[in-house]
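Below, each chain spelled out in residue letters.
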Amino acid sequence: MKDFLYLFIGGAEHGAKLSPADQQRYMEKWYGWIGEMRKAGVYKAGNPLESGGKTLSGPKKVVTDGPFAESKEVVGGYIVVGVKDLDAAVEHARHCPIFEAGGRVEVRPIVPLELP
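Procedures and definitions
- Along each chain, residues carry numbers from 1 onward, in the same order as the chain's sequence is written.
- Where local features are concerned, this predicted model is filtered to residues with pLDDT of at least 70; where side-chain atom pairs are given and counted, the filter is 80 or more; whole-chain, interface and lining totals use all residues.
- Each side-chain value is derived from all of the structure's non-hydrogen atoms; neither hydrogens nor water enter the calculation.
- Take a side-chain nitrogen of Lys or Arg and a carboxyl oxygen of Asp or Glu: if they are within 4 Å of each other, that pair is a salt bridge.
- Strands here mean DSSP runs of E at least two residues long; helices mean DSSP runs of H or I at least four residues long; both are numbered from the N terminus.
- Strands were regarded as paired on the criterion that DSSP finds at least two bridges between them.
- Orientation is described by lines fitted to C-alpha atoms, with helices fitted over the stretch in contact, and by angles between N-to-C directions that extend from 0 to 180 degrees.

*Asks:* Whenever I open this one, the pattern of salt bridges confuses me. Can you help?
*Replies:* When charged atoms on two side chains of opposite charge get close, those side chains can pair. If you walk through the whole model with that rule in mind, you get seven salt bridges. A salt bridge links D3 to K44; the nearest nitrogen and oxygen atoms lie 2.8 Å apart. Pair noted here: D3 is in strand β1 (residues 2–9) and K44 is in strand β2 (residues 43–48), with a separation of 41 residues, a long-range link. A salt bridge links R94 to E91, with the shortest nitrogen-to-oxygen separation between them at 3.2 Å.

So this is what it looks like as structure tokens:
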């Protein structure tokens, strides 16, 4: 098994347009999707991310408020799955509810780091 990271990008503005009942139904789709991955034994971890934070950059490690990006580019959360290959990771990602919200899922292989 290999680990893959799902990065959820965009789609945040979708929730603001929904009624509370529709927001609840949308979140239930997320819970259902994650529940299916848990049943399949591939879900390892994941969480939504808060919108605020800090960004460090450059050789002087300048700290600024952020991240600031266009709403369609904001990373809103992540999930780690363990599956046999990239194709399997992509297949699980196809069922993510974020597509209803105009967002996208970036599927990235995680390289195991052997520390000394």
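*Asks:* Hey, could you run me through the sheet that holds β2 in this one?
*Replies:* Think of a sheet as strands paired side by side through backbone hydrogen bonds, with each pair either parallel or antiparallel. If you trace the four strands from one edge of the open sheet to the other, you get β2-β5-β1-β6, paired in antiparallel fashion. The open sheet has two edge strands, β2 and β6 (104–109), and neither has a second partner. Strand-to-strand twist in this sheet, taken as the mean axis angle between neighbours without regard to direction, amounts to 15°. Here β2 pairs with strand β5 (residues 75–83) via five bridges, running antiparallel. What sits directly across from G46, in β5, is I79.

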